[in-house]
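Residue-level structure breakdown
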Amino acid sequence: MPIITLKHDGKIYQREVNRNFNGIYIMHSKGITYWFRKDADYVKINNGWHLVNGTTLPDFLMGLISEELERLSFIG
């Protein structure tokens, strides 16, 4: 399982991310499941990554996660 690393306020957070057969990246954090999908219509915001399962994240956190998801999407 790939692990993303987020750095915020001098702390480092790591989360496992899985990819399903539909190209959706799934992350579990503090009992909440987040589903991320890349969409060309959203390319100007967070490299095209957005949440698709009705959950929300603060803008700064979504920005950090989208950078890591972008890295993962190029790896495999």
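Our structure's up above, just so we're on the same page.
We now turn to the structure provided with this report. (Residues numbered from 1 in each chain as written. Predicted model: local features only at pLDDT ≥ 70, side-chain atom pairs only at ≥ 80, totals over all residues. Heavy atoms only, no water.)

**Notes on the nonpolar core**
Side chains of a nonpolar character, in soluble globular proteins, are inclined to be buried together. If you look at the biggest cluster of nonpolar residues, it comprises 13 residues, and the most contacted ones within it are Ile4, Val17, Tyr25, Met27, Phe36, Ile65 and Leu69. The dominant element in this core, judged by the number of residues it contributes, is helix α1 (residues 59–75), at four residues. (Core = buried A, V, L, I, M, F, W, Y, C linked by side-chain atoms within 4.5 Å. Buried < 20%, exposed > 50% of the residue type's maximum accessible area, 1.4 Å probe, protein only. Helix = DSSP H or I, 4+ residues; strand = E, 2+ residues; numbered from the N terminus.)

**Quick look at the pairing of strand β2 (residues 11–19)**
When strand β1 (residues 3–8) meets β2, the two strands line up antiparallel, connected through six bridges. Looking at β2, one finds that Leu6 is bridged to Tyr13. The hairpin formed by β1 and β2 contains two residues between the paired strands, and Asp9 there has a positive phi angle of roughly 50°. As paired strands, β2 and strand β3 (residues 25–29) are joined by three bridges and run antiparallel to one another. Considered in β3, the bridge of Val17 is made with Met27. Between β2 and β3, which pair antiparallel one after the other, the connecting turn spans five residues, and Gly23 there sits at a positive phi close to 80°. (Pairing = 2+ DSSP bridges.)

**A short note on the environment of Thr56**
As for its placement among the helices and strands, Thr56 is situated in the loop between β5 (49–51) and α1. Residues Thr56 and Gly10 lie 46 residues apart in sequence; the distance between their C-alpha atoms is 23 Å. Among all residues touching Thr56, those that are not within four sequence positions of it are Tyr34 and Leu51. (Contact = heavy atoms within 4.5 Å.)

**Quick look at the sheet that holds β1**
Reading across the sheet, the five strands line up as β1-β2-β3-β4-β5 and stay open at both edges, with antiparallel pairing between neighbours. The outermost strands of the open sheet, each flanked by one partner alone, are β1 and β5. Strand-to-strand twist of the sheet, defined as the mean angle between neighbouring strand axes without regard to direction, takes the value 35°. (Axes fitted to C-alpha atoms, helices over the stretch in contact; angles between N-to-C directions.)

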